[in-house]
Amino acid sequence: MGNPLKELKNSVNGLKQSLDGVKQSVEGLKEPIDEMKGNTQITLEQAKDRSGGFKSEINRMKECVEETKLVVNEAKETVMEAGEVLYTQKRYKRLLKKQNRKMQPAKAGRRLI
């Protein structure tokens, strides 16, 4: 058997070397993780910027839809009013025809209405 103090010292040195190796491995893993965190943050900021652009575009589209609805309603009202005018003109022409027929002298064989 060897010297127990020397073996303990060698064992402690081996553990220190293992610990140093683990520390180096952890440091090696920290770099990609830090880089990934940085990339994630950049991506998040870009997504927020795009989100703001999308929101403004959606609001603009909503405004366009509202304007279109107003124009369609106005056109609908115009068509309805034009229909009323045409109906009134048609009724007026019919009444004029009836009135003209009543005022024409009766011909032989034709009855007055």
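Residues numbered from 1 in each chain as written. Predicted model: local features only at pLDDT ≥ 70, side-chain atom pairs only at ≥ 80, totals over all residues. Heavy atoms only, no water.

### Overview of the overall build of the chain
Point 1. Counting its secondary structure elements, the chain contains one helix and zero strands.
Point 2. Within the span of the chain, comprising 113 residues, buried residues form 0% of the whole.
Point 3. Working note: accessible area of the chain is about 11200 Å², and carbon and sulfur atoms make up 59% of it. (Helix = DSSP H or I, 4+ residues; strand = E, 2+ residues; numbered from the N terminus. Buried < 20%, exposed > 50% of the residue type's maximum accessible area, 1.4 Å probe, protein only. Areas by Shrake-Rupley, 256 points an atom, 1.4 Å probe, with all protein chains shown as cover.)

### A look at the pattern of salt bridges
Between side chains of opposite charge, a pair can form when the charged atoms approach closely.
Point 1. Under the counting rule described, the total for this entry stands at three salt bridges.
Point 2. E57 is the partner of R60 in a salt bridge, and the nearest nitrogen-oxygen pair spans 2.5 Å. Placement of both R60 and E57 in helix α1 (residues 4-103) is noted, with a separation of three residues, approximately one turn of the helix.
Point 3. Here R60 falls in the partly exposed class, since its relative accessible area comes to 43%.
Point 4. Ionic pairing is found between K69 and E66, a salt bridge with its closest N-O pair at 3.8 Å. Of the two residues, K69 and E66 both sit in helix α1, three residues apart, roughly one turn of that helix.
Point 5. Judged by relative accessible area, which is 47%, K69 ranks as partly exposed.
Point 6. Among the residues examined, E66 registers a relative accessible area of 44% and is labelled partly exposed. (Salt bridge = Lys/Arg side-chain N within 4 Å of Asp/Glu carboxyl O.)

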